[in-house]
Amino acid sequence: MNNLSFSELCCLFCCPPCPGKIASKLAFLPPDPTYTLMCDESGSRWTLHLSGRADWQYSSREKDAIECFMTRTSKGNRIACMFVRCSPNAKYTLLFSHGNAVDLGQMSSFYIGLGSRINCNIFSYDYSGYGASSGKPTEKNLYADIDAAWVALRTRYGIRPENVIIYGQSIGTVPSVDLAARYESAAVILHSPLTSGMRVAFPDTKKTYCFDAFPNIDKISKITSPVLIIHGTEDEVIDFSHGLALYERCQRPVEPLWVEGAGHNDVELYGQYLERLKRFVSQELVNL
């Protein structure tokens, strides 16, 4: 999320815009695409081509474990989807909604590393207007995007909800919370989550206004699945207080991970991150 100038904040306060305007102003920074998807003559098989900016860190063998395809959302956009087979005996698949200013190409190496370490497969997608996905990024499109990904994961791969962990990072917590509030799953992981768009722009905001965007704070109490929240205590983009506020609203919270000294974009670099995810997936979910 990008910072707003004083004049822009004043404009927001004096002339509250519609939720879509707040969403686009605060959140969406799609990068130049770092990959392309090429379809064969049959129209059924897609090939992933990564650019140098994707910073691929593995061999062609790991790349062969990645399957990509396009699917259409209820809003008419075509979004790119990526299924990463990290473990042949994985019980769970993460439905991963990534953060801002990245696309599937840039996330692909991270997905391989994360999934192989916590013994999970990973299914991810690019939001409308990101990567190879068509359309424009808006709040409503975010919700349509994850709905299309959820349907594709279930129908194309036959994965049942009780084997899906809904994982959202930063702006990705917005579609993740919305989906999890409507469908039960194995669990939900919220990584550096925000309470709402207005609360990011105006930290003293105490209630949700009709023009607010991304109202996670009002949806999270509807989630009936176990919820793990991860947040850095020195997050300079989405203050640590957002993670705390969401944790307090959860129906079924598990022990959160507050990463001392971590910011918004480096939580994954701390050893506690992988340790907490491993324990959650391999031990706690079995007993919940």
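What comes next concerns the included structure. Only a predicted model underlies this, so the values are computations on that prediction, with no experimental measurement involved.

**A look at the sheet that holds strand E9 (residues 227-232)**
On the basis of which strands lie adjacent, the open sheet formed by 8 strands has the order E3-E4-E6-E5-E7-E8-E9-E10 and mixed pairing. The open sheet has two free edges, formed respectively by strand E3 (66-72) and strand E10 (257-259), since each of these has just one partner strand. Adjacent strand axes in the sheet meet at a mean angle of 15° when their direction is disregarded. Where strand E7 (residues 164-169) lies against strand E8 (residues 187-191), 5 bridges are found, and the strand directions are parallel. Residue pairing in the sheet places Ile165 in a bridge with Ala187 of E8.

**Regarding the packing of aromatic side chains**
The final tally for this structure, using the stated rule, is 16 aromatic pairs. Relative to Trp258, the ring of Tyr247 has its centre 6.0 Å away and its plane inclined at 85°; by these criteria the two rings are edge-to-face. Of this pair, Tyr247 sits in helix H9 (residues 240-249) while Trp258 sits in strand E10, and the two are 11 residues apart along the sequence. The class for Tyr247 is partly exposed, based on a relative accessible area of 28%. Taken together, the ring pairs connect Phe69, Phe83, Phe123 and Tyr157 into an aromatic cluster. The cationic tip of Arg156 hangs over the ring face of Phe69; the distance from NZ or CZ to the ring centre is 3.8 Å.

**Thoughts on the environment of Ser51**
With respect to the helices and strands, the residue Ser51 is situated in the loop between strand E2 (46-50) and helix H3 (60-63). The class of Ser51 is partly exposed, set by a relative accessible area of 30%. Taking the C-alpha atoms as reference points, Ser51 and Met70, separated by 19 residues in sequence, lie 19 Å from one another. Ignoring sequence-local partners within four residues, the contact set of Ser51 consists of Thr34 and Tyr35.

**Here's the deal with the packing of helix H4 (residues 104-118) against helix H10 (residues 271-287)**
Their axes nearest at 9 Å, the elements H4 and H10 cross at an angle of 50°. Here H4 is positioned oblique relative to H10, judged by the angle of their axes. Note that H4 runs across H10; the crossing there is right-handed. For the pair H4 and H10, the contacting residues are Phe110, Leu114, Arg117 and Ile118 in the first and Tyr273, Leu274, Leu277, Lys278 and Val281 in the second. Grouping the amino acids of the contact of H4 with H10 by side-chain chemistry returns 7 nonpolar, no polar and 2 charged.

Conventions used here
Along each chain, numbering runs from 1 in the same order as the chain's sequence is written. Residue-level local features of this predicted model are given only where pLDDT is at least 70; pairs of side-chain atoms are given and counted only at 80 or more, and the full residue set underlies all totals for whole chains, interfaces and linings. Only hydrogens and water are removed before side-chain values are computed, so all heavy atoms of the structure are retained for them. Note on pairing: DSSP must find at least two bridges between two strands before they are called paired. Strands here are runs of E lasting at least two residues and helices are runs of H or I lasting at least four, both read from the DSSP assignment and numbered beginning at the N terminus. To get an axis, a line is fitted to the C-alpha atoms, and for a helix only the part in contact is used. The angle between two axes follows their N-to-C directions and goes from 0 to 180 degrees. Here a Phe, Tyr or Trp ring, Trp counted by its six-membered ring, pairs with any other such ring whose centre lies within 6.5 Å, and the pair is stacked when the planes are under 30 degrees apart, edge-to-face when over 60, and tilted otherwise. The buried label applies to any residue whose accessible area, calculated with a 1.4 Å probe on protein chains only, is under 20% of its type's maximum; exposed applies above 50%, and partly exposed to all values in between. In this scheme, the term charge over a ring applies when either NZ of a lysine or CZ of an arginine sits within 6 Å of the ring centre and within 35 degrees of the ring normal. By the convention used here, residues are in contact when the closest approach between their heavy atoms is within 4.5 Å. Our angle categories are set so that under 35 degrees counts as roughly parallel, over 145 as roughly antiparallel, 65 to 115 as roughly perpendicular, and the remainder as oblique. Left-handed is the label given to a crossing in which the near helix is rotated counterclockwise from the far helix by less than a right angle, and right-handed is the label when the rotation is clockwise. All amino acids are sorted into three groups, where Ala, Val, Leu, Ile, Met, Phe, Trp, Tyr, Cys and Pro are nonpolar, Asp, Glu, Lys and Arg are charged, and the leftover types, Gly among them, are polar.

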